[in-house]
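Working through the structure, step by step
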Amino acid sequence: AYAYNTVISAWAKCKDLKHKHQQQQQHDKEETLPQKEDICPGIIAETLLYTMMKQYQDGNDNMEPNVVSFNGVIAAWSNSNTIESGERGERLLHQMVDIKSNNSNQMMIPPDIITYNSVLHAYATSSKCGSFDAANKALNLLHKMENEE
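Residues numbered from 1 in each chain as written. Predicted model: local features only at pLDDT ≥ 70, side-chain atom pairs only at ≥ 80, totals over all residues. Heavy atoms only, no water.

Before going further, it helps to spend a moment on helix H3 (residues 41-57). Taking 1.5 Å of rise per residue, the 17 residues of H3 would be expected to cover 24 Å, and the 24 Å separating its terminal C-alpha atoms lies within 8% of that figure. Among all positions in H3, only Pro41, Gly42, Ala45, Glu46, Leu48, Leu49, Met52, Met53 and Tyr56 are buried. Each buried residue of H3 lies within a common arc of 155° when the element is viewed along its axis, so the set occupies one face. Gly59 sits one or two positions beyond H3 and adopts a positive phi of about 110°. (Helix = DSSP H or I, 4+ residues; strand = E, 2+ residues; numbered from the N terminus. Expected span 1.5 Å × (residues − 1). Buried < 20%, exposed > 50% of the residue type's maximum accessible area, 1.4 Å probe, protein only. Arc of directions from axis to C-beta.)

So, about helix H1 (residues 2-12). Along H1, the positions that sit buried rather than exposed are Asn5, Ile8 and Ala12. One face of H1 carries all of its buried residues, which in axial projection span an arc of 60°. Structurally, H1 contributes buried residues whose contacts are with H3 and helix H4 (67-80). (Contact = heavy atoms within 4.5 Å.)

Attention now moves to the packing of H1 against H4. Closest axis-to-axis distance for the H1/H4 pair is 8 Å, and the angle between their directions is 20°. Between H1 and H4, the angle is such that the two are roughly parallel. H1 and H4 meet at a crossing whose hand is left-handed. Only Val68, Ser69, Gly72, Val73, Ala75, Ala76 and Asn79 of H4 make contact with H1, whose side of the interface consists of Asn5, Ile8, Trp11 and Ala12. Residue composition of the contact of H1 with H4, grouped by class: 7 nonpolar, 4 polar and no charged. (Axes fitted to C-alpha atoms, helices over the stretch in contact; angles between N-to-C directions. Parallel < 35°, antiparallel > 145°, perpendicular 65-115°, else oblique. Left-handed = near helix turned anticlockwise from the far one by under 90°. Nonpolar A, V, L, I, M, F, W, Y, C, P; charged D, E, K, R; others polar.)

A separate point is the nonpolar core. Nonpolar side chains in soluble globular proteins tend to be buried together. Core analysis: the biggest nonpolar cluster contains 27 residues, and Ile8, Leu49, Phe70, Val73, Leu92, Val119 and Leu141 have the highest contact counts within it. Where this core is concerned, the elements lending two or more residues are H1, H3, H4, helix H5 (85-102), helix H6 (113-125) and helix H7 (132-148). Contact partners of Leu49, with chain neighbours within four places excluded, come to Ile8, Pro65, Ser69, Phe70, Val73 and Leu92. (Core = buried A, V, L, I, M, F, W, Y, C linked by side-chain atoms within 4.5 Å.)

Where H1 meets H3, the axes come as close as 9 Å, and the angle between the chain directions of the two elements is 165°. Regarding the angle of H1 to H3, the classification is roughly antiparallel. Judged by the sense of rotation from one axis to the other, the crossing of H1 with H3 is left-handed. In this structure, H1 contributes Tyr4, Asn5, Val7, Ile8 and Trp11 to the contact, and H3 contributes Pro41, Ile44, Ala45, Leu48, Leu49, Thr51, Met52 and Gln55. For the contact of H1 with H3, the residue count by class is 10 nonpolar, 3 polar and no charged.

Remember, this is a structural readout, not a statement about activity or role.
Next comes the structure, spelled out in structure tokens:
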């Protein structure tokens, strides 16, 4: 799980891949580069998380995801700057709560303050940034956080 969390963390640090790709193309027109604009750190990190979950459910106790795993994926969505970043982050937050309440396969993954703040950041930085919908969803989540304290 540690190695997966490390790779998830690396993807969480990726920002604005499309802009970097365009800059590199301007500097190096002869070389064919991978199409980075098609890469979404959130999708890659989430795929790694689901791989961990599947391996753990299949009996590999070394692959148990933890709060660091989920927080890393939510951070990757936050840095993906897609229209769905906030919703994807909040869906993962709800997944953690469901796992905690259902206690499936003895996984106990309670969200922490970093989890909530990462989802708020995902809404704030999504390409919906500035939209009433994203701001309202962030506000609703903030109220949930206040009520849970």
